[in-house]
Structures are given as C-alpha cells and as structure tokens.
Amino acid sequence: KKAFTVTWKKQTTGTTGYQIQCSLKKNFKLGVKKITIKKNTQTKKKVTGLKRGKKYYVRIRTYKKTADGTVYSSWSKVKSVKTS
C-alpha cells in the first residue's frame, strides 16, 4: 500500500480548512507533499501516491481566509508513519 489516512479533531470555530504536509525527511525538505482541505468539517484524508516501504513524516495546521489574505496556525507535532 502506498497510502495512509490522516485523522484529526474537528476545529470549526474560526477556521476555513486544513493543510497537511508529509515528507520523507523530518525537517520537511525532501519529498514534500502538500494537501489543502477546504472544508472545516472534514476530519480525515487519505494520502496517496507515495513510495512503498518508506517512512513519512506528517503534520497538519488550520487556516482561515480573511479579507486581508490567509492566516495559518502553527504546525502540529510531527508524526511518522511507514508505508508497506
């Protein structure tokens, strides 16, 4: 399987959506994949198109669209997952 599912707690107050990053390196400098979820009611996302047998690092943050642009929260703690 070259995929995994990311789940998180719903943050509907003051958010527009979520942003997920996964990478082959813990510092998110290599093989970074960025996914934007536009619905703040969604609480899981299947990440596909990855390499088999590799360890990926994952983090998530919320964002809110305002009249002045987009405001992002800080990133969550980094979690790791290995594809099979």
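Read on for an overview of the structure. Just so you know, these numbers come straight off a predicted model, no measurement behind them.

1. Focus on the packing of aromatic side chains
To describe a pair of aromatic rings, one takes the distance between the centres and the angle between the planes.
Next, step 1: Considering all chains together, one arrives at 3 aromatic pairs under this definition.
Next, step 2: With a centroid separation of 6.3 Å and an interplanar angle of 45°, the aromatic rings of F4 and Y56 are classed as tilted. Taken together, the residues F4 in strand β1 (residues 4-7) and Y56 in strand β5 (residues 55-66) connect sequence positions 52 residues apart.
Next, step 3: A centroid spacing of 6.1 Å and a plane angle of 45° characterise the contact between Y63 and Y72, whose relative ring orientation is tilted.
Next, step 4: Residue Y72 is classed as partly exposed on the basis of its relative accessible area, which comes to 40%.
Next, step 5: The positively charged end of R59 is found above the aromatic ring belonging to F28, 3.9 Å away from the centroid.
Next, step 6: Over the ring of W75 we find R59; its NZ or CZ atom is 4.4 Å from the centre of that ring.

Parameters at a glance
Throughout, residues of each chain are indexed from 1 in the direction in which the sequence is written. Residue-level local features of this predicted model are given only where pLDDT is at least 70; pairs of side-chain atoms are given and counted only at 80 or more, and the full residue set underlies all totals for whole chains, interfaces and linings. In computing side-chain values, all of the structure's heavy atoms are included and hydrogens and water are not. Between rings of Phe, Tyr and Trp, where Trp is taken as its six-membered ring, a pair exists when centres lie within 6.5 Å; planes separated by under 30 degrees are stacked, by over 60 edge-to-face, and by other angles tilted. The helix and strand labels rest on DSSP assignments: H or I over at least four residues marks a helix, E over at least two residues marks a strand, and numbering proceeds from the N terminus. Here's how the labels work: a residue is buried when its accessible area is under 20% of the maximum for its type, exposed when over 50%, partly exposed in between, all with a 1.4 Å probe on protein chains only. A positively charged side chain is recorded as over a ring if its NZ (Lys) or CZ (Arg) lies within 6 Å of the ring centre. The angle to the ring normal must also be within 35 degrees.

What is shown is where atoms sit, not what they do.
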